[in-house]
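A structural walkthrough
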Amino acid sequence: MAAALIKLPAELFALAEGSRFEGRLDVGELRLGPDSYRLDEPVTWEADVTNTGEAFLVAGVAHATARTECARCLSTVEESLTGSIEGYFLIDPEQRTVDGMEGDEFDVLPANHQIDLAPLITAGLLMELPGVPLCSEDCAGLCPSCGADLNEGPCACGGDPALDDFAQAAHPFAALRGLSLAGDAQPGDTAVDEGSGGNGGGGAS
Ligand SMILES: [Zn+2]
Ligand SMILES: [Zn+2]
């Protein structure tokens, strides 16, 4: 993946100094679980870098347009993403801990004073991807039998009898369907239910 390197100028090494950086980054593709999102255009980003005395705080946003396939109908889904860029780079390379932060929430400023924002940019964009990409919340998907797009109306195959047969064959007790179970019904059960119902009514009055 391409890098988004920023070089911190000497004047930033004074307390409370800040500077804004911006640029473009060719990401190409984002992968989330089984899903792949294409980023045809470069990501545009901007970030403020502030000297806190202890570290350089990086805070910014990245904008991207990601395309993938609808999980149900396979049509192209386009997502406009605005991700956060967040980083914390310790100035003292000997420092090992930061109050209130886990070890993976901060980094150490490289000796050459260059920071690659690319990992922060992609991490922020990944957070914005949908769990399941859909062209719309109520996408009807494809007919599992003939593959027609059901968003365009009912398909010509008229359902999926083949899948119904498959579902029945796969069910371990499918063969028991249709057996008469009339012998299991006990007349005595019905009598007891009626009796208890009557007692309850009497107690309430
Ligand atoms: Zn769809
Ligand atoms: Zn069909």
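A brief structural summary. (Residues numbered from 1 in each chain as written. Chains lettered and ligands numbered in written order. Predicted model: local features only at pLDDT ≥ 70, side-chain atom pairs only at ≥ 80, totals over all residues.)

Some details on the pairing of strand E5 (residues 43–51)
- Both strand E2 (residues 18–25) and E5 contribute to a ladder of 8 bridges, which runs antiparallel. In the strand pairing of E5, Arg 20 is matched with Asp 48.
- Where E5 and strand E6 (residues 55–69) come together, 8 bridges link them in antiparallel fashion. Its bridge partner lying in E6, Trp 45 is registered against Ala 62. (Pairing = 2+ DSSP bridges. Helix = DSSP H or I, 4+ residues; strand = E, 2+ residues; numbered from the N terminus.)

So, the environment of Ala 55
- Looking at the secondary structure, you find Ala 55 in strand E6.
- You can call Ala 55 buried: it has 21 C-beta atoms within 10 Å.
- Considering only alpha carbons, one finds Ala 55 and Tyr 88, 33 residues apart in sequence, at a separation of 6.3 Å.
- Beyond its immediate sequence surroundings of up to four residues, Ala 55 is in contact with Tyr 88, Phe 89, Leu 90, Ile 91 and Phe 106. (Buried ≥ 20, exposed ≤ 12 C-beta atoms within 10 Å, placed from the backbone. Contact = placed C-beta atoms within 7 Å.)

Quick notes on the environment of Pro 110
- Tracing the sequence through the fold places Pro 110 in the loop between strand E8 (107–108) and strand E9 (114–116).
- Residue class for Pro 110 comes out exposed when judged on the 12 C-beta atoms lying within 10 Å of it.
- Pro 110 sits 20 residues away from Leu 90 along the chain, and the two C-alpha atoms are 9.2 Å apart.

So, helix H1 (residues 118–126)
- For H1, every residue scored as buried is listed here: Leu 120, Ile 121, Thr 122, Gly 124 and Leu 125.
- On its buried face, H1 sits against E2, strand E3 (28–32), E5, E6 and strand E7 (76–90).

A word on the nonpolar core
- Counting 23 residues, the largest nonpolar core has Val 43, Trp 45, Ile 85, Leu 117 and Ile 121 as its most contacted members.
- Mapped onto this core, the elements with two or more residues apiece are E5, E6, E7 and H1.
- Ranked by residues supplied to this core, first place goes to E6 with 6 residues.
- Sequence-distant contacts of Ile 85, defined by excluding residues within four places in its chain, comprise Trp 45, Ala 47, Val 58, Ala 59, Gly 60, Val 61, Ala 62, Leu 117, Leu 120, Ile 121 and Gly 124. (Core = buried A, V, L, I, M, F, W, Y, C linked by C-beta atoms within 7 Å.)

All quantities given are derived from atomic positions and should not be read as evidence of function.
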